[in-house]
Amino acid sequence: MHNVHLLVTSALQEKLLAQSSAMLNMLRHHHAKIVTAESCTGGLVAAALTHHAGSSDVTEGGFVTYSNRMKQVVLGVRDATLLQFGAVSAETVEEMAEGALHMSPDATLAVSVSGIAGPSGGSEAKPVGLVWFATAVRNGATISDAQNFAGDRTQIRTLAALHALELAAKRLETE
């Protein structure tokens, strides 16, 4: 069973690196720059992007705001948003993405992630594996999306990072 887990994890990581490489090419094609705002992924999206040499031409950086206080202080997420909806919500990831764009004036696209990677911390309303995402573009709408991922903590975080990049790519294509 351990070998199967390693194979699945390795395959997900390879897919993440392939998607991040494709994202960098898309950003270059669209003359766009990206910034990330991450919670449960802990910087994995930014790490996947910056894994590739030369990524600094289209990657502005990333914010890892794991605690609610950091979400507020660094990204401007409102206290009322966190109190009413919680950190794992459409409202919070939307404010995270908008805050990241605000803090990174050269970025044209932001992607944010907040969820419950487990193994604990879930509830009936917000189970382990629930992850919210948002993409924001300068002078455009902010769009959120939720997914429920299965797997262990590493798999959930990797799947979330992969999905964040897929959403960012879709957003670039539609803008």
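Residues numbered from 1 in each chain as written. Predicted model: local features only at pLDDT ≥ 70, side-chain atom pairs only at ≥ 80, totals over all residues. Heavy atoms only, no water.

## Here's the deal with the packing of helix α3 (residues 68-75) against helix α5 (residues 90-103)
Argument step 1. At a minimum axis separation of 9 Å, α3 and α5 run at an interaxial angle of 40 degrees. As far as their axial angle goes, α5 and α3 are oblique. Here α3 runs over α5; the crossing is left-handed. Note on element contacts: α5 touches α3 through T92, E95, M96, G99, A100 and M103, opposite K71, V74 and L75.
Argument step 2. For the contact of α3 with α5, the per-class residue count stands at five nonpolar, two polar and two charged. (Axes fitted to C-alpha atoms, helices over the stretch in contact; angles between N-to-C directions. Helix = DSSP H or I, 4+ residues; strand = E, 2+ residues; numbered from the N terminus. Parallel < 35°, antiparallel > 145°, perpendicular 65-115°, else oblique. Left-handed = near helix turned anticlockwise from the far one by under 90°. Contact = heavy atoms within 4.5 Å. Nonpolar A, V, L, I, M, F, W, Y, C, P; charged D, E, K, R; others polar.)

## Some thoughts on the pattern of salt bridges
Argument step 1. Under the criterion given, the structure shown has four salt bridges.
Argument step 2. Across the pair E95 and R78 runs a salt bridge, and its minimum N-O distance is 3.1 Å. Taken together, the residues E95 in helix α5 and R78 in the loop between α3 and α4 (79-85) connect sequence positions 17 residues apart.
Argument step 3. A relative accessible area of 14% means that E95 is categorised as buried.
Argument step 4. The partner of R171 in a salt bridge is E175, and the shortest N-O contact between them spans 3.0 Å. (Salt bridge = Lys/Arg side-chain N within 4 Å of Asp/Glu carboxyl O. Buried < 20%, exposed > 50% of the residue type's maximum accessible area, 1.4 Å probe, protein only.)

## Quick notes on the environment of R157
Argument step 1. Relative to the elements of secondary structure, R157 occurs in helix α6 (residues 153-174).
Argument step 2. In this structure, the C-alpha to C-alpha distance between R157 and T41, residues 116 residues apart in sequence, is 5.2 Å.
Argument step 3. Other than its neighbours up to four places away in sequence, R157 contacts C40, T41, G42, L44 and A117.

## Remarks on the sheet that holds strand β1 (residues 34-38)
Argument step 1. The strand order β2-β1-β3-β4-β5 describes an open sheet built from five strands, whose pairing is mixed. Edge positions in the sheet fall to β2 (59-64) and β5 (142-148), since each of these pairs with one other strand and no more. Adjacent strand axes in the sheet meet at a mean angle of 15 degrees when their direction is disregarded.
Argument step 2. Taken together, the five bridges between β1 and strand β3 (residues 109-115) define a ladder with parallel strand orientation. Bridging across to β3, E38 finds its partner in V113.
Argument step 3. Contacts between α5 and the sheet are confined to β1, β2, β3, β4 (130-137) and β5, with β3 contributing the most and set at about 145 degrees to the helix.
Argument step 4. Most of the contacts of α6 go to β4, to which it runs at about 25 degrees, and overall it touches β1, β3, β4 and β5. (Pairing = 2+ DSSP bridges.)

Don't take any of this as a statement about function, it's just geometry.
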